Amino acid sequence: MARFEMLEDGLGAMGATAQADILFELGMMYATGRDCDTDVVAAHKWFNIAAIKGSARAAELRSELSATMSKVEIATALREAREWMTMH
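Thresholds applied
- Residues numbered from 1 in each chain as written.
- Predicted model: local features only at pLDDT ≥ 70, side-chain atom pairs only at ≥ 80, totals over all residues.
- Heavy atoms only, no water.
- Phe/Tyr/Trp six-rings, centres within 6.5 Å; stacked < 30°, edge-to-face > 60°.
- Helix = DSSP H or I, 4+ residues; strand = E, 2+ residues; numbered from the N terminus.
- Buried < 20%, exposed > 50% of the residue type's maximum accessible area, 1.4 Å probe, protein only.
- Core = buried A, V, L, I, M, F, W, Y, C linked by side-chain atoms within 4.5 Å.
- Contact = heavy atoms within 4.5 Å.

As recorded in an unreviewed UniProt entry, the protein chain goes by Sel1 domain protein repeat-containing protein and comes from Mesorhizobium plurifarium.

So, in structure tokens, the structure goes:
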């Protein structure tokens, strides 16, 4: 399974747009099952974080994806995004 690790030190050197693009790509990877199993919770999580970082497209896809998810799945994705943002 493909995995991106973003270390706190490296984030400062990258522009905000580049960060959002990488996070958006993680969302796309999980949404489409590219190099991993499809996982709507993980896709929503990464789209949410990318949207917070400024990606309008991620916000659109997060909204579309939410329409197909249960309330429990959305709550899980939001919790995981919040935990990731707290740690990074």
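(A) Examining the packing of aromatic side chains more closely. Counted according to the given criterion, the structure contains two aromatic pairs. With 5.7 Å between their ring centres and 40° between their planes, Phe 24 and Phe 47 make a pair best called tilted. Residue Phe 24 is found in helix α2 (residues 16–32), and its partner Phe 47 is found in helix α3 (residues 40–52); the two are separated by 23 residues along the sequence. Residue Phe 24 shares its accessibility class with Phe 47, and that shared class is buried. Ring geometry for Trp 46 and Trp 84: centres 5.4 Å apart, planes at 75°, overall edge-to-face. Here Trp 46, found in helix α3, pairs with Trp 84, found in helix α5 (residues 71–87); they are 38 residues apart in sequence, far enough to count as distant.

(B) Fine view of the nonpolar core. If you look at the biggest cluster of nonpolar residues, it comprises 21 residues, and the most contacted ones within it are Leu 23, Phe 24, Tyr 30, Trp 46, Phe 47, Ile 49 and Ala 58. For this core, the elements supplying multiple residues, two or more each, are α2, α3, α4 (56–66) and α5. In terms of residue count, the dominant contributor to this core is α3 (eight residues). The contact partners of Trp 46, leaving out residues within four places of it in the chain, are Leu 23, Leu 26, Gly 27, Tyr 30 and Trp 84.

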